Each structure stands twice: as C-alpha cells, then as structure tokens.
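# Coordinates in review
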Amino acid sequence: MIPIPLAIFTLIIFLAIIWLHYQLTYWRRRKAPTVPTTGLYKLRNREHIAYSYQRAYHQMKRENKGYAGIYTLITPTLLIADLEILKLILVTEFEVFPDRGFFVNYKSDPLSRNMARLHGEMWRKIRTKITPTFTAARMRQMFGNVEAIGRHFMQVMEKQAERKRNVVEVRDLCARFTTDVIGNVAFGLDCNSLEDPNTEFRLKGDRTFSDVNPFWDMLASHFPKLFTWLDYKVATPELISFYSNIVCRTVEYREKNGVRRNDFLDLLIELKNRPQQEGEYQLEMDDLIAQSFAFFSAGFETSSNTMAFALYELAKNPRVQERARENIAEALRKHQGVFSYDSLNEMTYIRQVVQETLRKYPPVPSTKRVCRRSYKFPDRQGLTVEPYVHIIIPIYAIHHDPEYYPQPEVFRPERFSAEERQRRHPMAYLPFGAGPRICIAERFGMMETMMGVALLLMHFKFSPCKETAENLIFDPKNVFVFSIRGGIHLRVEKVQ
Ligand code: HEM
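All values reported here derive from a predicted model rather than from experimental measurement.

Calculation rules
- Residues numbered from 1 in each chain as written.
- Predicted model: local features only at pLDDT ≥ 70, side-chain atom pairs only at ≥ 80, totals over all residues.
- Heavy atoms only, no water.
- 1 Å grid on protein atoms, 1.4 Å probe; cavity = no way out; pocket = protein on both sides within 12 Å on 5 of 7 lines; lining within 4 Å.
- Points joined across faces, edges and corners; volume = space filled by probe spheres on them.
- Helix = DSSP H or I, 4+ residues; strand = E, 2+ residues; numbered from the N terminus.
- Nonpolar A, V, L, I, M, F, W, Y, C, P; charged D, E, K, R; others polar.
- Donors = N, O, S within 2.8 Å, 3.2 Å for Na, K, Ca; no water.
- Phe/Tyr/Trp six-rings, centres within 6.5 Å; stacked < 30°, edge-to-face > 60°.
- Buried < 20%, exposed > 50% of the residue type's maximum accessible area, 1.4 Å probe, protein only.
- Near = heavy atom within 4 Å.
- Polar contact = N/O pair within 3.5 Å; in protein donor to acceptor, adjacent residues only side chain to side chain.
- Pairing = 2+ DSSP bridges.
- Axes fitted to C-alpha atoms, helices over the stretch in contact; angles between N-to-C directions.
- Contact = heavy atoms within 4.5 Å.
- UniProt positions renumbered as here; feature names shortened; annotations may be inferred.
- Expected span 1.5 Å × (residues − 1).
- Core = buried A, V, L, I, M, F, W, Y, C linked by side-chain atoms within 4.5 Å.
- Salt bridge = Lys/Arg side-chain N within 4 Å of Asp/Glu carboxyl O.
- Parallel < 35°, antiparallel > 145°, perpendicular 65-115°, else oblique.
- Left-handed = near helix turned anticlockwise from the far one by under 90°.

## Concerning the layout of surface pockets
Estimates place the volume of the largest pocket at around 450 Å³. Taken together, 24 residues line the largest pocket, and the ones lying closest to its centre are Ser-221, His-222, Pro-224, Tyr-388 and His-390. Put simply, the parts of the chain that give the lining of the largest pocket at least two residues each are helix H1 (4-23), helix H2 (26-29), strand E3 (75-80) and helix H10 (214-222). Here the lining of the largest pocket gets three residues from one element, more than from any other, and that element is H1. A breakdown of the residues in the lining of the largest pocket according to their chemical character gives 14 nonpolar, seven polar and three charged.

Here it is in structure tokens:
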C-alpha cells in the first residue's frame, strides 16, 4: 500500500506535468508559427533578453513570418516582427490590446498602482486625468527648475574632472542629475544627490528596479488572483513606506502653507483637490503616491542612461561632437545667447543626436501588451489570438534591423533628418512606444535629455580614454531598462 500523502504528492506532480505540457504545446495545438526563443533566458542571466528576441526576430524575417509564438516562462506569448501588425496592436486595435499585464496590488502596495502597471478602466481614468500635466506649456513652466539643476550638474562635473584627472564615470553623474530633476519635479524634494551620491533618495532610486524580482513579478502577473489572495507586494515594504511618507509629508506641507512650485506634484495636488464633474474619477492620496513613483521609476534611469550613451557615442565620434557643438552655438546666436526653452528646441542636431542614441540604445528595449478579447489578424496566416496571450514588441531588434537602418551599429544622427524620417515606416522607431499607451512624458524626457547633453557640450569636450569600454554590456538582470555593467568612463576636458 502507498501511504496517502505520497499518493497525493504523486498525483499533484502528475497533474502539474500534464498541465505544463498542455501550456507548452499551446502554439503547436493552434498550428501557429513558432520560433525557438524562450523566456527562460531571463532566468539564466547570461545575456539581456533583448538579444534573445533579436535572434528570434531575424529568424522570423528570414522565414517571412510576421509573428511567431514563444513562451514567457509558461505563458503563450506572440513576438511581432511585421510593422503593420505592430501598428494594429499598438494603435488601430488598441482596445483589444490595452494593457501590459502587470500585477497590481490595489490594497496594500500603492507603488504597484502606478500608471505603467495599471490596466483597464482604472488606467484609462488615471491617464486621462494626468495627460494635461505634460503639455508643451507645462514643460516651458518647468524648464527653469530643470535648468537650475543642470547648471549645478556642470559645476559638479567640473569638480569631478579636476579631482579625477579628467577621467570621469559619466553614467553615475548623469543618474545623479536625473535623480535630482525627477526628485524635484515629482516629489518636490531638493535631493542634492549631485553633491552627495549617498543621499537616501539616490540609493533607493538605484534599487527601484533591482529590488523587483522579475521571476515573482512575472508569476504574479500570470496568477493575479492567487497573488492577490497572498497579498503579494511588488515593491519591498521599505520602499513602499519610503515613497509614501515623502509624498504624504510634502502634500500636507504644501496644502497647509499654500506652497506652489510649478512641478508635477503641484499638478497632481491640484487634480486631487479640484471639484469633480459627475462620473469623473477622484484622485486619492494613494494615486498621488503611485503616480509620483511612476514618474520617478519610469523617468530617472531612462533619461540618465540616454544621456550617458549619447556622451559615449559623441566621445567615439568627434566629428559628430563638433557638429553638435556648432549647432548649439548657432541656436544660441539666434536667441541672443540665452539658453532657454525656445533655444533648446531650436537645436535640431542635438535632437537628432538624442534620437539616434535612443535608436541605438533604446532604454526600454522591449514593451509588452496583453490581448483582452479574441482577435483574428487580417493577414495571410490569419491567426486568432486569445485573451491573456502576451505580446512582445522587440524595440531593440527593430531599431537594429538593417532593412530600416543600414549599418545599424554605426552612430549617424543624420538618420533623423526630416527626409530620412519620412522614408521610414512610423513603427520602425519606438523608443517611447506608440499609440494611446505611448510614454506619457516623451516631451519631458526629450527636454531633460537634450538639456543635459547640450549643457555638457557647451562646457566640456568628451573623448575616449584607456578605461573606456570598447562595447557596452547590458545588465541581464534589469529586464525592463537597458542599464550598463561597469559604468562609462570618458576623458572630460573643459571647452576653451
Ligand atoms: C528618454 C527618456 C524616456 C524613454 C526612452 C521612455 C520610454 C518609455 C516607453 C518605451 C514606455 C512604454 C510605452 C509603450 O508601451 O508603448 C514608457 C512608458 C511610460 N513612461 Fe517613459 N520614457 C522616458 C522618460 C520618461 C519620464 C521622464 C517619465 C516621467 C516623468 C516617464 C513616464 C512614463 C510613464 C508613466 C509610462 C507609462 C505610460 C502608460 O502606461 O500609460 N517616462 N516610457
């Protein structure tokens, strides 16, 4: 006789194997095209998942497949290579694919309620409320706050260059600049991490993504009911209380003392306190915490890495660097030497440098959508995607496709001249995503990054040194954002 516990255990294992087999034959059972890549790459941590998607993408193009089935762990996932299909998913049929499928704990993890993770009606209400925060007029208002931090950044860079005999690790400094910017505009704080890299805000910022365990996060997104029941929190309790306390204290202080600073937090407070129209969503304190955190988590590393990648490429391409400097001088001449929101917008070549950097090193190397109702693709293959199938948009692979960008490894800002842009498919360039769920802060991200690059070029010359890595290596543990292992060391000299 087999003991009962052993029999139950064997039965559970047996059922689990059948279920796993059933899950992992999802695409075969539907006779869908497949491609051999696997989400398990994420667990092995040998290379960034973006490269695995890139290999699959090239194989799909060789085999003329617009999309192909893969598995993210055990979840059926569709990888997209055809830009017309991509447009359907991101733009035309957005209603079918509106979410990213992240786990949200509404009850006890306000940070998980941030806009990038929200789904359905809740996302729509919050996004509609917050969109006016990012208009061009608001950017103009915030320009002064950001510029003041930019000027401080230049002083710190100069000190570092003096102290470190002109060899500076620029990634860290750029991260300290964007931490101070976003800390200022989203939380109303003078973090001053530029002066002191060990401020709590900076240290917590570095842990925002690394503290999220991608394995558990993924599992939670696949079994939301179970993980809600377990009261699973995406962020650590320490991070939750840190950010919640900052927002609550600052809001209380501003409301009590009538303080206004023209930043994102001001606008969120205004939205919270404004009388609501009938049926309009009323923002609560937890929404303010969540959305300030959204701005911080989505905004600080994306912008700082872009700035650091741009400096790396400019150091390696001195002619581009010189042309960029001339472009700044030209724009300033037109505006009587004043560095302002308008003169920055006039720096078309700086914009192209940033755009080319975002092409070559998209800070968000892939984005995701989840299918919410059955949908038949109108192409020759005519696959029907079912609810809960995940969709991967391989941004990095598209940006490195020689069909759209000949010699993709070459850094050439001219690719973003008006004529060249017009010749490309609109979906061939997706650093900020596309459609109704595009990055809400594209304008702010561009302004901050262009400002950082322009101010740096006005004051310093960048060139490679013996510590400069030949190629940048991306940390495979950080699946959401491209972050580099080992930093970016450059020779930094004052412009004479
Ligand atoms: C160079 C800088 C930046 C890049 C490259 C970038 C890129 C992206 C990308 C690719 C997405 C996903 C879009 C999609 O799935 O279609 C996204 C979403 C988002 N980004 Fe950015 N971003 C940048 C800066 C910022 C900044 C500065 C903020 C905040 C101040 C921000 C806030 C957000 C938010 C809240 C979302 C989620 C939007 C939603 O789901 O409705 N981003 N970003």
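Now, onward.
## Quick word on the coordination of the iron atom of the ligand
For a metal with four donors in a tetrahedral arrangement, the ideal angle between donors is 109.5 degrees, while six donors in an octahedron ideally sit at 90 or 180 degrees. A lone protein donor contacts the iron atom of the ligand, and this donor is Cys-439 (SG), found at 2.4 Å. Structurally, Cys-439 can be placed in the loop between helix H19 (418-423) and helix H20 (442-459).

## Section: the packing of aromatic side chains
Taken as a whole and assessed by the stated rule, the structure comprises 36 aromatic pairs. Measuring from ring centre to ring centre gives 5.3 Å for Phe-134 and Phe-295, while their planes differ by 85°; the resulting arrangement is edge-to-face. Remark: Phe-295 occurs in helix H14 (residues 285-316) and Phe-134 occurs in the loop between helix H6 (120-130) and helix H7 (136-163); sequence separation between them is 161 residues. According to the relative accessible area criterion, Phe-134 is buried, its value standing at 4%.

## Considerations on the site of the ligand
Around the ligand sit 27 residues, and of these Arg-100, Arg-127, Thr-367, Arg-369 and Cys-439 come closest. Within the contact set of the ligand, an oxygen atom lies 2.7 Å away from a side-chain nitrogen or oxygen of Thr-367. Note that an oxygen atom of the ligand is positioned 2.8 Å from one of the side-chain N or O atoms of Arg-437. Mapped by element, the contributors of at least two residues to the shell around the ligand are H6, H14 and strand E5 (367-370). In terms of residue count, the dominant contributor to the shell around the ligand is H14 (six residues). When grouped by side-chain class, the residues that make up the shell around the ligand number 17 nonpolar, six polar and four charged.

## Side note on the sheet that holds strand E10 (residues 489-494)
Pairing between the strands of a sheet is mediated by backbone hydrogen bonds and can be parallel or antiparallel. Read from one edge to the other, the open sheet built from three strands follows the order E4-E10-E9, with strand pairing classed as antiparallel. Edge positions in the sheet fall to strand E4 (167-169) and strand E9 (460-463), since each has one partner strand and no second. The sheet shows a mean angle of 45° between the axes of neighbouring strands, taken without regard to direction. Helix-sheet contacts for helix H8 (residues 170-187) involve E4, E9 and E10, and the interaxial angle to E4 is about 50°.

## A closer look at the UniProt feature "binding site: heme" (unreviewed entry) in the protein chain
According to UniProt, the "binding site: heme" (unreviewed entry) feature falls on Cys-439. Dropping the residues within four chain positions of it, Cys-439 is found in contact with Arg-127 and Phe-432.

## Some remarks on H8
An α-helical turn contains 3.6 residues, so a residue and the one three or four places further along point in the same direction. With 18 residues, H8 extends 25 Å from end C-alpha to end C-alpha; this agrees with the ideal 26 Å at 1.5 Å per step. Of all 18 residues in H8, 17 are buried, a share of seventy percent or more. Capping the start of H8, Glu-169 holds a side-chain oxygen 2.8 Å from the backbone nitrogen of Arg-171, two or three residues further along. Positive backbone phi, at 70°, marks Gly-188, one or two positions downstream of H8.

## What to know about the nonpolar core
Core analysis: the biggest nonpolar cluster contains 150 residues, and Leu-78, Phe-377, Phe-444 and Phe-462 have the highest contact counts within it. If you tally residues by element for this core, the top one is H14, at 14 residues. With sequence-adjacent residues up to four places away left out, Leu-78 is seen in contact with Trp-27, Tyr-67, Ala-68, Gly-69, Phe-377, Leu-383, Val-385, Val-389, His-390, Ile-391 and Ile-392. The next biggest cluster of nonpolar side chains, apart from the first, holds nine residues, and it includes Phe-103, Met-218, Leu-219 and Phe-227.

## Describing the environment of Tyr-26
Looking at where Tyr-26 falls in the secondary structure, it is placed in helix H2. Relative accessible area serves as the criterion here: at 9%, Tyr-26 is assigned to the buried category. The sequence separation of Tyr-26 and Asp-475 amounts to 449 residues, and the corresponding C-alpha distance is 31 Å. With sequence-adjacent residues up to four places away left out, Tyr-26 is seen in contact with Tyr-71, Pro-76, Glu-386 and Val-389. At 2.4 Å, the side chain of Tyr-26 and the side chain of Glu-386 are in polar contact.

## Comments concerning the pattern of salt bridges
Enumeration over the complete set of coordinates arrives at 35 salt bridges. Measuring nitrogen to oxygen at the nearest pair gives 3.8 Å for the salt bridge that ties Lys-159 to Glu-195. Of this pair, Lys-159 sits in helix H7 while Glu-195 is found in the loop between H8 and helix H9 (200-210), placing the two residues 36 residues apart along the sequence. Residue classification places Glu-195 among the partly exposed residues on the basis of a relative accessible area of 40%. The closest approach of N and O atoms between Asp-266 and Arg-254, which form a salt bridge, is 2.9 Å.

## Some details on the environment of Thr-131
With respect to the element layout, Thr-131 can be found in the loop between H6 and H7. Sequence-wise, Thr-131 and Phe-201 are 70 residues apart; in three dimensions their C-alpha atoms are separated by 26 Å.

## Things to note about unusual backbone geometry
Positive phi outside glycine occurs at Asn-192, with the angle close to 55°. Mapped onto the elements, Asn-192 comes out in the loop between H8 and H9. We note that Gln-336 has phi near 50°; this positive angle belongs to a residue other than glycine. Locating Gln-336 in the fold gives a position in the loop between helix H15 (318-334) and helix H16 (341-345).

## Thoughts on the packing of helix H13 (residues 264-273) against H14
With their axes 10 Å apart at the nearest point, H13 and H14 run at an angle of 155° to one another. It follows that H13 is roughly antiparallel to H14 by the angle criterion. As for the relative orientation of H13 and H14, their crossing is right-handed in sense. In this structure, H13 contributes Phe-264, Leu-265, Leu-268, Ile-269 and Lys-272 to the contact, and H14 contributes Met-285, Leu-288, Gln-291, Ser-292 and Phe-295. When the residues that make up the contact of H13 with H14 are grouped by side-chain class, the tally is seven nonpolar, two polar and one charged.

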